Amino acid sequence: MSKTVLVTGGTGYIGSHTIVDLVENGYDVLSVDNNSRSSIGMLEGVEKITGKKIKNYKVDLCNFDETRAIFEENASLVGVIHFAAFKAVGESVEKPLLYFQNNMQSLMNVLQCIEEFGIPNFVFSSSCTVYGNPDQIPVTEETPRKQAESPYGLTKQMGEQIIEAFAASNKKTNSILLRYFNPAGAHDSALIGELPIDRPQNLTPVITQTAIGKIPQLTVFGNDYPTRDGSCIRDMIHVCDLAHAHTLALNYLIEEKNNFNCEIFNIGSGDGITVLESIKAFEETTGMKLNYTIGGRRPGDVIAIYANNDKARSALGWVPKYGIKEIMSSAWKWEQYIKHLPQHLSLPSKRLN
Ligand code: UD1
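Residues numbered from 1 in each chain as written. Predicted model: local features only at pLDDT ≥ 70, side-chain atom pairs only at ≥ 80, totals over all residues. Heavy atoms only, no water.

**Student:** Can you explain the overall build of the chain? Please cite residues and give values.
**Tutor:** The helix and strand inventory of the chain stands at 13 helices and 13 strands. For a compact globule of 353 residues, the expected C-alpha radius of gyration is about 20 Å, and the chain comes in at 19 Å, within 12% of that figure. Structurally, the chain occupies a C-alpha span of about 55 × 45 × 40 Å along its principal axes. Residues counted as buried form 55% of the 353 residues belonging to the chain. Considering only residue pairs separated by 6 or more positions, the chain has 80% of its internal contacts joining residues 24 or more positions apart. Carbon and sulfur atoms provide 50% of the accessible area of the chain, an area that totals close to 15,100 Å². When the 33 basic and 39 acidic side-chain charges of the chain are each reduced to a single mean position, those positions are 3 Å apart. (Helix = DSSP H or I, 4+ residues; strand = E, 2+ residues; numbered from the N terminus. Rg over C-alpha atoms; globule rule 2.2 N^0.38 Å. Buried < 20%, exposed > 50% of the residue type's maximum accessible area, 1.4 Å probe, protein only. Contact = heavy atoms within 4.5 Å. Areas by Shrake-Rupley, 256 points an atom, 1.4 Å probe, with all protein chains shown as cover. Lys, Arg positive; Asp, Glu negative; His and termini not counted. Charge placed at Lys NZ, Arg CZ, Asp CG, Glu CD.)

**Student:** An account of the site of the ligand is requested, with residue identities and associated values reported.
**Tutor:** Around the ligand, a shell composed of 19 residues is seen, among which Ser127, Leu203, Thr219, Arg234 and Asp301 lie nearest. One nitrogen or oxygen atom from the main chain of phenylalanine 221 is found 2.8 Å from an oxygen atom belonging to the ligand. Out of a free accessible area of 750 Å², the ligand has 91% covered by protein chains. Among the elements of the structure, α7 (203–212) and β8 (218–221) are those that each provide at least two residues to the shell around the ligand. Per element, the largest residue contribution to the shell around the ligand is 3 residues, and it comes from β8. When the residues that make up the shell around the ligand are grouped by side-chain class, the tally is 9 nonpolar, 6 polar and 4 charged. (Near = heavy atom within 4 Å. Polar contact = N/O pair within 3.5 Å; in protein donor to acceptor, adjacent residues only side chain to side chain. Nonpolar A, V, L, I, M, F, W, Y, C, P; charged D, E, K, R; others polar.)

**Student:** Mind laying out the packing of aromatic side chains, listing which residues take part and the relevant values?
**Tutor:** The geometry of an aromatic ring pair is captured by two quantities: the separation of the ring centres and the angle between the planes. As enumerated under the stated definition, the model contains 6 aromatic pairs in all. Over the face of the ring belonging to phenylalanine 86 we find arginine 37, whose NZ or CZ atom lies 3.8 Å from the ring centre. One residue, arginine 297, lies across the ring of tyrosine 225, its end atom 4.0 Å from the ring centre. (Phe/Tyr/Trp six-rings, centres within 6.5 Å; stacked < 30°, edge-to-face > 60°. Lys NZ or Arg CZ within 6 Å of the ring centre and 35° of its normal.)

**Student:** So, the environment of serine 125: which residues are in play, and what are the values?
**Tutor:** For serine 125, the position within the fold is in strand β5 (residues 121–127). Setting aside residues no more than four positions away along its own chain, serine 125 makes contact with His82, Phe83, Lys156, Leu178 and Tyr180. Among the polar contacts made by the side chain of serine 125, one reaches the side chain of tyrosine 180 at a distance of 3.1 Å.

**Student:** Provide a residue-level description of the sheet that holds strand β4 (residues 79–82), including the pertinent values.
**Tutor:** With parallel pairing, 7 strands are arranged side by side in an open sheet as β3-β2-β1-β4-β5-β6-β11. Taken across any chain shown, the strands that pair with only one partner, and hence form the sheet edges, are β3 (55–57) and β11 (262–267). The sheet shows a mean angle of 20° between the axes of neighbouring strands, direction not considered. Looking at chain direction, strand β6 (residues 174–180) and β11 are connected through 6 bridges and run parallel. The partner of arginine 179 across the bridge, within β11, is asparagine 266. (Pairing = 2+ DSSP bridges. Axes fitted to C-alpha atoms, helices over the stretch in contact; angles between N-to-C directions.)

**Student:** If you had to explain the environment of asparagine 133 to someone new, which residues and values would you point to?
**Tutor:** Take asparagine 133: it is sitting in the loop between β5 and α6 (151–169). The spatial distance from the C-alpha of asparagine 133 to the C-alpha of histidine 340 is 40 Å, given a sequence separation of 207 residues.

**Student:** Report on the nonpolar core, specifying residues and quantitative values.
**Tutor:** Judged by nonpolar contacts, the single largest core of 42 residues is most densely connected at Val5, Ile19, Leu22, Leu178, Phe265, Ile267 and Trp318. Secondary structure elements with two or more residues in this core: β1 (4–8), α1 (13–24), α2 (41–50), β6, α8 (239–254), β11, α10 (310–316) and α11 (324–338). Examining the composition of this core, we find that 9 residues originate from one element, α8, more than from any other. Excluding residues within four positions of it along the chain, tryptophan 318 makes contact with Ile237, Asp241, Ala245, Leu248, Ile267, Gly268, Asn309, Ala312 and Arg313. Among the nonpolar cores identified, the runner-up in size contains 26 residues, and Leu6, Val59, Phe117 and Ala167 belong to it. (Core = buried A, V, L, I, M, F, W, Y, C linked by side-chain atoms within 4.5 Å.)

**Student:** Pulling in residues and values, what's your account of the side chain of aspartate 21?
**Tutor:** Here aspartate 21 is to be found in helix α1. Here aspartate 21 sits buried without a salt bridge, and the closest side chain of opposite charge, lysine 321, lies 7.0 Å off (N-O distance). Beyond its immediate chain neighbours, meaning those up to four positions away, aspartate 21 contacts Ala243, His244 and Thr247. (Salt bridge = Lys/Arg side-chain N within 4 Å of Asp/Glu carboxyl O.)

**Student:** So, α6: which residues are in play, and what are the values?
**Tutor:** Because the α-helix completes a turn every 3.6 residues, residues three or four places apart line up on one side. An ideal rise of 1.5 Å per residue puts 27 Å on 19 residues; α6 measures up with 27 Å between its terminal C-alpha atoms. Residues of α6 that are buried include every one of Pro151, Tyr152, Gly153, Thr155, Lys156, Gln157, Gly159, Glu160, Ile163, Phe166 and Ala167, and no others. Against the buried residues of α6 lie α4 (89–94), α5 (96–117), β5, β6 and β11. (Expected span 1.5 Å × (residues − 1).)

Listed below in structure tokens is the structure:
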């Protein structure tokens, strides 16, 4: 049986870590990424870690003919893991049509090829954002999807619904939707990690960029929420734990352990941590003092969310190995490493044009 997996968005943050995990677990991997928001340099890091060269197709998945050509060339794929998408919440509010066009068109093209070429297994990168502002925490996979807080969130909700409808009509492909909580940290080698374009919006890169001096000061968005210290609560999941969940999801489908042809799993640590506690964890882990101030609430922020991950633990055998200390120390190691990266490796291609 073929062991070749097509990873879309393979040069992105989660995609690159997942390729490492797949290769380490015996899969052959092909990547497709147009590098519009990521650097091909990530695959050099993957190669250094795994000793394997990963082929990347520099294709925009919104182009159907070019996408189809990849499937035609590799018709015996064992599965597709679909990461490629835009993910900046703020940008999606400013440019909703860009998000709907890019995230939905690419998904439709990939699914159309999966159907045409009879690819048996599909894993989709979803998000806890589909829960909106939940009434009860922790959230289980049964927690209802509430109104999305942003067009980005809506693309994840629509993506899930499109795949569910696809699964209902197409019994040849089994799908898994992985709902990520807050991915953070980097590979322990510091050869791959998160490379935010422009000024980062997510908490961990803001923390490390503040510590290194790229950002003068971190603003905590609100300390008047009804939580234990007034700041929002999130579920930070180490990117390597998250990456491994994809390998386990694929194994689960290949071994036909699934009960339905579309299943959903929460991929979070199961622990809620506040923004202020995250900052403290960074300070304690690195021994540094972070320059931060308290600001107003960020529009669209959910007050508190963390995962019930029982289903992923029992069905997939997934056990998160890393905690907040490893998240902060690896993110910090990576931030120091990229300071010295040559520009052509560290910048998305659009910045070099
Ligand atoms: C959001 C999405 C999530 C998505 C992720 C990808 C929602 C509800 N969640 O996560 O689905 O996968 O973006 O980008 O849409 N914070 C500060 N100061 C900062 C930055 C962040 O206080 O400078 C706080 C935020 O207010 C929030 C927490 O840190 O309370 C986490 O923020 P962030 O890392 O941006 O992630 P989410 O908004 O949770």
